[in-house]
Amino acid sequence: MEILTYMEKYDYEQLVVCQDKESGLKAFICIHDTTLGPALGGTRMWTYKSEEAAMEDALRLARGMTYKNAAAGLNLGGGKTVIMGDPRRDKSEELFRAFGRYIQGLNGRYITAEDVGTTVEDMDLIHEETDYVTGISPAFGSSGNPSPITAYGVYKGMKASAKVAFGSDSLEGKTIAVQGVGNVAYSMCEFLHEEGANLIVTDINKEAVQRAVEAFGAKAVDPDDIYSVDCDIFAPCALGAIINDDTLPQLKAKVIAGSANNQLREDNHGDIVFEKGIVYAPDYVINAGGVINVADELLGYNRERAMKKVEGLYDNLMKIYDISKEQNIPTYKAADHLVEQRIAKLKNARSTFLQNGQSIISRR
Ligand SMILES: NC(=O)c1ccc[n+]([C@@H]2O[C@H](COP(=O)([O-])OP(=O)(O)OC[C@H]3O[C@@H](n4cnc5c(N)ncnc54)[C@H](O)[C@@H]3O)[C@@H](O)[C@H]2O)c1
Ligand SMILES: CC(C)C[C@H](N)C(=O)O
């Protein structure tokens, strides 16, 4: 990968490479765009096949956060970190504290939180070294684990998508195929089960599958079989790029609505989804609940205010579905246009000089 060429193509601001031999930290912090405010995005810890794969993931995820934060109406830019390592084996106090010092060195340009492979406890360790971290323990006045709030937002967004596809937003009796039953998807399944949906689940972690089978009477299938099951809604809640040339011909669902980031391998897969008449909830719109919740901490956390915004994801998606219908364009394009317009307009509106270049958040 020609890294600077790639960064120029998609307008990236900064890529920070973190290496600390003593703690074993190997990480990439990527800041995509800070037009709207400091870059907020989670930290993923994962066993990447190569340094290049980790760096590419950080870049793709950071850009996704710019779009997510802008679409959710937040005054925040987009960034993300990936730490190379096995979250079950390689975590330590010194690793997260070393990482916290790298974040502190960015002096507020980047603020982190949880993502795949990291927890509230990890954020607390980062917090030992920097204030630029959210999703820490509620004892610090924080909002805690964002996953259940993300799950609630996805549930609401799934209802909006069902309304468009089936004429009613009730999920009672609907069959929903869930890929990955980790932190977000388990909470999401609680809402779906309560509403009377039938669940089909898969995960590469057998214990996660078992937990969902026992709690929700879910039917379990092997990871490769989840795409072809008979279902109304496919909910991708594991990793990205799962809507692609191999999986699309297998899908029977009328709706794709899940929490995973970067679900479309390439944009053209969003075009194919549209041509097939599948209602696709753009990932960064439907899964914004967690970031909305942690972002509220920057204003002094108020759960009621945050939840009101998360409820609004239903309407945010409806707006995108309306634009998609009116303009006959795929939903991912409708969402991208809205975001790009917001950023362009605000770039202009925020171009006047301010003493010390203060941002709204730093004034609170
Ligand atoms: N946690 C949040 O608040 C949040 C917010 C927005 C988006 N997301 C996104 O939602 C997704 C899930 O996040 P999470 O926090 O629940 O992570 P998690 O690690 O708790 O859950 C992911 C699950 O997917 C499983 N998995 C991985 N690869 C798989 C595969 N090929 N087939 C089946 N299962 C597989 C894992 O074993 C794990 O159980 C991620 O893409 C994440 O970026 C999370
Ligand atoms: C800020 C975090 C809650 C970010 C979350 N992992 C996301 O992808 O939205």
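In this text, all values refer to a predicted model and were calculated from it rather than measured experimentally.

Caption draft 1: A look at the sheet that holds strand 10 (residues 233-236). Pairing is parallel across the open sheet formed by six strands, whose spatial order is 9-8-7-10-11-12. Sheet topology places strand 9 (219-220) and strand 12 (279-280) at the edges, where each strand pairs with a single neighbour. This element, helix 6 (residues 183-195), spans strand 7 (175-179), strand 8 (198-202) and strand 10 of the sheet and lies at about 170° to strand 7. On top of the sheet, helix 7 (residues 206-216) reaches strand 8 and strand 9; it is set at about 165° to strand 8, its chief contact.

Caption draft 2: Here's a closer look at the site of ligand 1. The environment of ligand 1 is made up of 20 residues, and the closest members are Arg44, Thr150, Asp203, Ala238 and Asn261. Between ligand 1 and Thr150 there is a distance of 2.7 Å, counted from an oxygen atom to a side-chain nitrogen or oxygen. Asp203 places a side-chain nitrogen or oxygen 2.6 Å from an oxygen atom of ligand 1. Burial of ligand 1 by the protein chains amounts to 86% of its free accessible area of 830 Å². Contributions of two or more residues to the shell around ligand 1 are made by helix 5 (147-166) and helix 6. Within the shell around ligand 1, the residues separate by chemical class into seven nonpolar, nine polar and four charged.

Caption draft 3: Here's a closer look at the nonpolar core. Counting 65 residues, the largest nonpolar core has Met158, Ile176, Val178, Val181, Met188, Leu192 and Leu199 as its most contacted members. A total of eight residues in this core trace back to one element, the largest contributor, which is helix 5. Setting aside chain neighbours within four positions, we find Met188 in contact with Ala151, Val154, Met158, Val178, Ala235 and Cys237. Counting residues in hydrophobic clusters, the runner-up holds 20 residues, among them Leu95, Ala98, Ile103 and Met123.

Caption draft 4: Representation of the UniProt feature "active site" (unreviewed entry) in the protein within the structure. Under the present numbering, the feature "active site" (unreviewed entry) in UniProt falls on Lys80. By the secondary structure assignment, Lys80 is in strand 5 (residues 77-84). Not counting residues within four places of it along the chain, the set of residues in contact with Lys80 comprises Phe28, Ile29, Cys30, Gly41, Gly42, Ala58, Leu61, Ala62, Met65, Tyr110, Asp115 and Asn261.

Caption draft 5: Examining helix 6 more closely. For helix 6, built from 13 residues, the straight-helix expectation of 18 Å at 1.5 Å per residue is met to within 8% by its first-to-last C-alpha distance of 19 Å. Regarding helix 6, the residues found buried are Val184, Ala185, Tyr186, Ser187, Met188, Cys189, Leu192 and Glu195. Just downstream of helix 6, Gly196 is the residue with a positive phi angle, here 95°.

Caption draft 6: Focus on the packing of helix 3 (residues 93-105) against helix 4 (residues 120-127). For the pair helix 3 and helix 4, the least separation of the axes is 7 Å and the interaxial angle reads 55°. As judged from the angle between their axes, helix 3 and helix 4 are oblique. In terms of crossing hand, the pair formed by helix 3 and helix 4 is right-handed. On helix 4, the residues touching Glu93, Phe96, Arg97, Phe99, Gly100 and Ile103 of helix 3 are Asp122, Leu125 and Ile126. Of the residues belonging to the contact of helix 3 with helix 4, the class tally is five nonpolar, one polar and three charged.

Caption draft 7: Looking closely at the environment of Asn268. The topology assignment puts Asn268 in helix 8 (residues 267-275). A C-alpha to C-alpha distance of 9.9 Å links Asn268 and Pro330, two positions 62 residues apart in sequence.

Caption draft 8: Broad picture of the packing of helix 5 against helix 11 (residues 303-311). The N-to-C vectors of helix 5 and helix 11 enclose an angle of 30°; their axes lie 9 Å apart at closest approach. Residues Ile149, Tyr152, Gly153 and Lys156 of helix 5 form the contact with helix 11, whose participating residues are Arg303, Met307, Val310 and Glu311. Looking at the contact of helix 5 with helix 11 residue by residue, the class counts come to four nonpolar, one polar and three charged.

Procedures and definitions
Along each chain, numbering runs from 1 in the same order as the chain's sequence is written. Chains and ligands are labelled by the order in which they are written, letters from A for the one and numbers from 1 for the other. Thresholds applied to this predicted model are a pLDDT of at least 70 for local features of residues and 80 or more for the giving and counting of side-chain atom pairs; totals over whole chains, interfaces and linings are not thresholded and use all residues. Water and hydrogen atoms play no part in the side-chain values, which are based on all heavy atoms of the structure. When DSSP locates at least two bridges between a pair of strands, those strands are taken to pair. Think of it this way: any DSSP run of H or I at least four residues long counts as a helix, any run of E at least two long counts as a strand, and we number them from the N terminus. In this description, contact between two residues means that some pair of their heavy atoms is separated by no more than 4.5 Å. Geometry is summarised by axes, namely lines fitted to C-alpha atoms with helices restricted to the contacting stretch, and by angles between N-to-C directions that run from 0 to 180 degrees. What makes a residue near a molecule or strand is one non-hydrogen atom of that residue sitting within 4 Å of it. Under the rule applied, a polar contact is a pair of N or O atoms within 3.5 Å (in protein, one hydrogen donor and one hydrogen acceptor; residues adjacent in sequence only if both atoms are side-chain atoms). To measure how exposed things are, a 1.4 Å probe is used in the Shrake-Rupley method; for residues, cover is taken only from the protein chains shown. Ten residue types, Ala, Val, Leu, Ile, Met, Phe, Trp, Tyr, Cys and Pro, are classed as nonpolar, four, Asp, Glu, Lys and Arg, as charged, and the remainder, Gly among them, as polar. Take the buried Ala, Val, Leu, Ile, Met, Phe, Trp, Tyr and Cys residues and link them wherever side-chain atoms come within 4.5 Å; each set so joined is a nonpolar core. A 1.4 Å probe rolled over the protein chains alone gives each residue an accessible area, and that area as a share of the maximum for its type sets the label: buried under 20%, exposed over 50%, partly exposed in between. UniProt positions are given in the numbering used here, feature names are shortened, and annotations may be inferred rather than shown by experiment. Multiplying 1.5 Å by the residue count of a helix minus one yields the expected span of that helix. For classification purposes, an angle smaller than 35 degrees is called roughly parallel, one larger than 145 roughly antiparallel, one from 65 to 115 roughly perpendicular, and anything else oblique. The handedness criterion is simple: a crossing whose near helix is rotated anticlockwise from the far helix by less than a right angle is left-handed, and one whose near helix is rotated clockwise is right-handed.

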